[in-house]
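Here is how the chains run, residue by residue.
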6 protein chains.
Amino acid sequence: MKASVYRKEHFNAAHRLHNPDLSDSENQRVFGKCNHPNYHGHNYELIVKITGDIDPVTGYVIDLKTLSELVKRKVTDDFDHKNLNLDVEEFKTVIPTAENMAWVIYNRLRPSLDSKLDLKIQLYETERNFVEYPA
Amino acid sequence: MKASVYRKEHFNAAHRLHNPDLSDSENQRVFGKCNHPNYHGHNYELIVKITGDIDPVTGYVIDLKTLSELVKRKVTDDFDHKNLNLDVEEFKTVIPTAENMAWVIYNRLRPSLDSKLDLKIQLYETERNFVEYPA
Amino acid sequence: MKASVYRKEHFNAAHRLHNPDLSDSENQRVFGKCNHPNYHGHNYELIVKITGDIDPVTGYVIDLKTLSELVKRKVTDDFDHKNLNLDVEEFKTVIPTAENMAWVIYNRLRPSLDSKLDLKIQLYETERNFVEYPA
Amino acid sequence: MKASVYRKEHFNAAHRLHNPDLSDSENQRVFGKCNHPNYHGHNYELIVKITGDIDPVTGYVIDLKTLSELVKRKVTDDFDHKNLNLDVEEFKTVIPTAENMAWVIYNRLRPSLDSKLDLKIQLYETERNFVEYPA
Amino acid sequence: MKASVYRKEHFNAAHRLHNPDLSDSENQRVFGKCNHPNYHGHNYELIVKITGDIDPVTGYVIDLKTLSELVKRKVTDDFDHKNLNLDVEEFKTVIPTAENMAWVIYNRLRPSLDSKLDLKIQLYETERNFVEYPA
Amino acid sequence: MKASVYRKEHFNAAHRLHNPDLSDSENQRVFGKCNHPNYHGHNYELIVKITGDIDPVTGYVIDLKTLSELVKRKVTDDFDHKNLNLDVEEFKTVIPTAENMAWVIYNRLRPSLDSKLDLKIQLYETERNFVEYPA
C-alpha cells in the first residue's frame, strides 16, 4: 500500500543568475535579464513529495503537519524574504537556478527523513517555469 | 502509442480523523485539530488518471465523458455533501485520511475499468495537501 | 489617495443548512443536499477588503500582517476545523449560508477596525459559489 | 544530477472531433457534442517537460527561454487562433483529440531536442480534461 | 442586509471577430488574428453576480442551484460546444467580442430575475482577458 | 452600454520596504521581514481595468492588444526583472508597497488613455496580498 503525499509551501525571495567563471557578456548571453546585477525576485511555490507505505495506525504516509514544520525549519525560514545569492550559504557557490534550488532543498530535507521514504522536490519559479528533482 | 488521460471531479464532504484503537489523548496527539469530534470538512478535488493505448478509431485512451459518469456513479454520488465517517461504508472501518480515501476510490473504480488500462488516483484535500495512489 | 487592500485567509469547516422553523420536507426542498443531517464541509477562502487612505509614512492602507492576525484571532481560530452549526456561537441561531457567514464575519471584524476604514467581506464556499457582504 | 524542467505555453483554437470513416450517427455516439459540425474551441494549456542532466556551467537542464521560443516556432505559431482541423496539416488526417494533439506536438518538438534529453507533453483541453504523452 | 452572490459557469465555443461593414484589410487591422476566417475558440468562464437582500428564511440572496439552472437554460445550453457566429442567434448581427457577449448574456438573464435583484456579468475569454457588464 | 475590460500582465521584481525618515528599529517594527536590507522579491500580477462605452464598430471598449502593449511600454518593460528600489525612478522617493506601486502604475498609464475611459489598477504581490487603486 504505497502512496505519495504532497505538501505545498511558499517563499518570496530575490535572486540573480550569474556564473563568476564566465565573462560579463557570456553571463548576459546565457542568463539574459535574469543576470540583472541588482537582483529581481519571485514568489516560489515549493512542493515536497514523499512516497512510502500508508501506516495502518494513522492512515498517513507521513503527517503533513510534521512535514510542513520540517520544511519550514530546514528551508523556508532560511529562504523566505531573503536574497538567495547573498543570504543563503549554498548559493554563494551554486547558481540559484530553479534546478539547483530544487537540488539544494532536496539535500537539506533528505537527512531528516526516514530512509524508507522517497523524496522528490517540485519548485515553481513562476506559474510557467517549474522544475522537479530528482527526475 | 501509450498516453495518459486525466479527469478532474470534485465533492464536498465532512470528515474526522480518529482511530478507535487509540486513546483520546493519542488521537489528539496524532491527528491534532483533524480529530475534532464534531467533524470539519473540505472541498475535495479528485483527479483520475488512466493510462493506455490511443485507440486509432476514436483518438481516445478512454472517453472522458464515460469516465466522468463512472466516477460519479461509483464515487462522487456517494461522497458528495456527505459525512465520510458516518455515511460511507468503507470509512466505518478505515480512517478517512486522504491516503486511505485515494485507496478506497481506487478500489471502487478498478473493477469497472478494462484490465489493459492503468489507474492512478490523485486527491487534493486542500490546495496545499494532496496525495496519489498507487505511488 | 484612497486605495483598497485585500487579505486572503482560509479555513476548513463542516456545516449544514437547516431552518428549524421549516418542516423537514420544506428544508429538503429549499436546501437540497446541503440539508444532509450528518453535515458536509468546505475549504472556505475568505478575502477581507479594507479601503482607506494610503499612509504617507508606511505606504500602507493597513499593515496586512496586522490584518491577518486580526482575522485569525476574531474569525479563523474559531471557524477552522470546526462544525459551524455546533461549535460557532452565531450559527446556533443563524443558518450558515455563505451570505450569513460573510455577515457574521463582517460583524466580528468591524469593531476592531478604525472607523475611517471601509470593510467588505468576500467568501468562497467553492470555486464556483461565492458571496460578498456588504453589497 | 538529473532534473526535469517544465515550460507552460498556451494557445486558443477551434476544433471538431470527427472520424470520416464512421457514419454520422456513429460520430455522434462516439464524440457527442464535440462532433458539432460548426466547430467549438478551447484555451489550450501546453506544458513541455524536459528531463536531463543539470549543466554545471549554467545550472540549467535547458534554457527555458530557448525552449519557449522553440515551442512557439514549432507549435503555437501554427496552432494559436487557428482551426485545428482546417489549418494544421497533421489534423487533416488525424482526429484532434487531446491525446492525438499531444502526440503531434511531441513529434514536432522531438527532432529539435538533443537526444540526451527526454521529452514529455502535457496538454490541458480544459481545467478538468487533460492528457500526457508519452505515458 | 444586502449582499452579492456569484455563480461561476463555463462553456467552450468557437468564434471569429469580423465586422461585415469593414473591408478585409480594416477587419485585419482591427481584429488581428481574432479575425481568422476559419474561427478559433476559447474556454469561457462566466460569472453571474446577483445583488439583493438576504432572505431571513433561507439565508440566501438567491438559491445558487436555481441560478445555475437558469444560466444553463438561458445561456450555456445554447453556447457550449457551439460556433458563436454561426449557431447563436444574436451573433448573426452582433460581433462576439467578450464585451458584446456579456451584454447578450445580461439580456438573456435579466427578464427571468426578480426586478429587486441587480445583475452583473463577468466573462473570462482567457485568464488574461476578461470583461464586466454593466460597468 | 458601458462595460469594463481587464487585462492581466505580470512582472518579477525585487524590492525592499524601508522609510529613510524612520530609524532602523522603527523600520523593522513597521515593515518586519519586508525590510530585509538585501531585498526579496515577488511575481507580481498586474490587472488593468478600463471602463467605457462599447464601440459599436469594433465591439470593444478598448483593444486589449493595444492596452497590453501600452502596459508593456509604460510599466512592465521598466519593472520586470528589476530591483524596484534601485532601478525604477519613482521608487527612489516612494516606498514600493503594493499600494504605492498601484498608484505609480496608475500615473504612468493615465496620460496615455482617452479621458472618457476610467482606469483602475489591481496588483497582486502574492496570491494572498493584493491591492486596488483608486478605491
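My aim in this report is to walk through the structure given alongside it, one point at a time.

The rules behind these values
- Residues numbered from 1 in each chain as written.
- Chains lettered and ligands numbered in written order.
- Predicted model: local features only at pLDDT ≥ 70, side-chain atom pairs only at ≥ 80, totals over all residues.
- Heavy atoms only, no water.
- Helix = DSSP H or I, 4+ residues; strand = E, 2+ residues; numbered from the N terminus.
- Contact = heavy atoms within 4.5 Å.
- Areas by Shrake-Rupley, 256 points an atom, 1.4 Å probe, with all protein chains shown as cover.
- Lys, Arg positive; Asp, Glu negative; His and termini not counted.
- Charge placed at Lys NZ, Arg CZ, Asp CG, Glu CD.
- Least-squares fit on C-alpha atoms with pLDDT ≥ 70 in both.
- Buried area = accessible area lost by both parts, 1.4 Å probe.
- Salt bridge = Lys/Arg side-chain N within 4 Å of Asp/Glu carboxyl O.
- Polar contact = N/O pair within 3.5 Å; in protein donor to acceptor, adjacent residues only side chain to side chain.
- Nonpolar A, V, L, I, M, F, W, Y, C, P; charged D, E, K, R; others polar.
- Buried < 20%, exposed > 50% of the residue type's maximum accessible area, 1.4 Å probe, protein only.
- Phe/Tyr/Trp six-rings, centres within 6.5 Å; stacked < 30°, edge-to-face > 60°.

### Description of the overall build of chain A
Alright, step 1. Looking only at helices and strands, one finds 4 helices and 5 strands in chain A.
Alright, step 2. Overall, chain A shows an N-to-C arrangement of helices and strands of β-α-β-α-β-α-α-β-β.
Alright, step 3. Long-range contacts, defined here as pairs at least 24 residues apart, represent 67% of the contacts in chain A between residues at least 6 apart.
Alright, step 4. With an accessible surface of roughly 5500 Å², chain A has 48% of that area assigned to carbon and sulfur atoms.
Alright, step 5. Separation between the mean location of the 18 positive side-chain charges and that of the 21 negative ones in chain A comes to 2 Å.

### A look at the relation of the copies chain C and chain E
Alright, step 1. For the pair chain C and chain E, the best superposition has an RMSD of 0.0 Å and corresponds to a rotation of 120° with a translation of 0.0 Å parallel to the axis. Taken together, the rotation angle and the small translation identify this as a three-fold axis.

### Describing the interface of chain C and chain E
Alright, step 1. Of the residues lining the interface, 19 residues belong to chain C; the matching set on chain E comes to 24 residues.
Alright, step 2. Roughly 1800 Å² of surface becomes buried between chain C and chain E when both sides are summed, with 54% attributable to carbon and sulfur atoms.
Alright, step 3. For chain C, the biggest contributors to the area lost against chain E are E99, R128 and F130 of chain C; these three give 36% of the whole.
Alright, step 4. Here chain C and chain E share 3 salt bridges between them.
Alright, step 5. Put simply, K8 of chain E and E127 of chain C hold a salt bridge, and the shortest N to O gap is 3.4 Å.
Alright, step 6. On inspection of chain C and its partner chain E, the count reaches 10 residue pairs in polar contact (both at pLDDT 80 or more).
Alright, step 7. Every element with two or more residues in the side of chain C that touches chain E is listed here: α1 (24-31), α4 (98-109) and β5 (129-133) of chain C.
Alright, step 8. The residue inventory of the side of chain C that touches chain E, partitioned by class, reads 11 nonpolar, 4 polar and 4 charged.

### Looking at the relation of the copies chain A and chain F
Here two copies of a chain appear, and what relates them is a rotation about an axis with a shift along it.
Alright, step 1. Between chain A and chain F, the superposition needs a rotation of 180° and an axial shift of 0.0 Å, giving an RMSD of 0.0 Å. The symmetry that links the two subunits is that of a two-fold axis.
Alright, step 2. Same-surface contact between copies: 100% of interface residues of chain A are shared with the interface of chain F.

### Things to note about the arrangement of the chains
Alright, step 1. The smallest C-alpha distance separating chain A from chain C is 14 Å, and no contact links them.
Alright, step 2. The closest approach of any C-alpha atom in chain B to one in chain E is 14 Å; the two make no contact.

### A short note on the interface of chain A and chain F
When the parts of a complex come together, some accessible area is lost, and that lost area is often taken as the interface size.
Alright, step 1. Contacts between the two partners involve 22 residues from chain A, matched on the other side by 22 residues from chain F.
Alright, step 2. Of the roughly 1700 Å² buried between chain A and chain F on both sides combined, carbon and sulfur atoms contribute 50%.
Alright, step 3. Linking chain A with chain F are 2 salt bridges.
Alright, step 4. Salt-bridge contacts for D80 of chain A lead to K33 of chain F; the nearest nitrogen and oxygen are separated by 2.8 Å.
Alright, step 5. At the boundary of chain A with chain F, the tally comes to 17 residue pairs in polar contact (both at pLDDT 80 or more).
Alright, step 6. Among the elements that line the side of chain A that touches chain F, the one with the most residues is strand β2 (residues 40-53) of chain A, at 5 residues.
Alright, step 7. Among the residues forming the side of chain A that touches chain F, the class breakdown is 5 nonpolar, 10 polar and 7 charged.

### Some words on the pattern of salt bridges
Residues and elements named next belong to chain B.
Alright, step 1. Counted according to the given criterion, the structure contains 66 salt bridges over all chains.
Alright, step 2. Across the pair D53 and K2 runs a salt bridge, and its minimum N-O distance is 4.0 Å. Pair noted here: D53 is in strand β2 (residues 40-53) and K2 is in strand β1 (residues 2-15), with a separation of 51 residues, a long-range link.
Alright, step 3. Among the residues examined, D53 registers a relative accessible area of 48% and is labelled partly exposed.

### Some words on the environment of L70 of chain E
All names here are of chain E.
Alright, step 1. By the secondary structure assignment, L70 is in helix α2 (residues 64-79).
Alright, step 2. Look at L70 and you get buried, because its relative accessible area is 9%.
Alright, step 3. Between the alpha carbons of L70 and R29 there is a distance of 38 Å; along the sequence they are 41 residues apart.
Alright, step 4. Sequence-distant contacts of L70, that is, excluding residues within four places in its chain, are made with V75, L109, S112 and L113.

### A word on unusual backbone geometry
What you tend to see is this: most non-glycine residues have negative phi, and most peptide bonds are trans.
Alright, step 1. Cis peptide bonds are those with omega within 30 degrees of zero, and the linkage from Y133 of chain B to P134 of chain B qualifies with -5°.
Alright, step 2. Note on placement: P134 of chain B falls in the segment after β5 (129-133).
Alright, step 3. Of note in this structure, Y39 of chain A is not a glycine but carries a positive phi near 75°.
Alright, step 4. Mapped onto the elements, Y39 of chain A comes out in the loop between α1 (24-31) and β2.
Alright, step 5. We classify Y39 of chain A as buried; its relative accessible area is 15%.
Alright, step 6. Backbone geometry at H81 of chain D places phi at a positive 55°, although glycine is not the residue there.
Alright, step 7. As for its position among the elements, H81 of chain D is in the loop between α2 (64-79) and β3 (82-83).

### Quick look at the packing of aromatic side chains
Alright, step 1. For the structure on display, the rule yields 42 aromatic pairs over all chains.
Alright, step 2. Judged by centre distance (4.7 Å) and plane angle (15°), the rings of F130 of chain A and Y6 of chain D are stacked. A residue pair is termed interchain when its members come from two chains, as with F130 of chain A in strand β5 (residues 129-133) and Y6 of chain D in strand β1 (residues 2-15). There is no split in this pair, since F130 of chain A and Y6 of chain D are both buried.
Alright, step 3. Ring geometry for F11 of chain B against F79 of chain B: centres 5.5 Å apart, planes inclined by 90°, an arrangement best described as edge-to-face. Here F11 of chain B, found in strand β1, pairs with F79 of chain B, found in helix α2 (residues 64-79); they are 68 residues apart in sequence, far enough to count as distant.
Alright, step 4. What links up through ring pairs into an aromatic cluster is the set F11, Y44, F79 and F91 of chain A.

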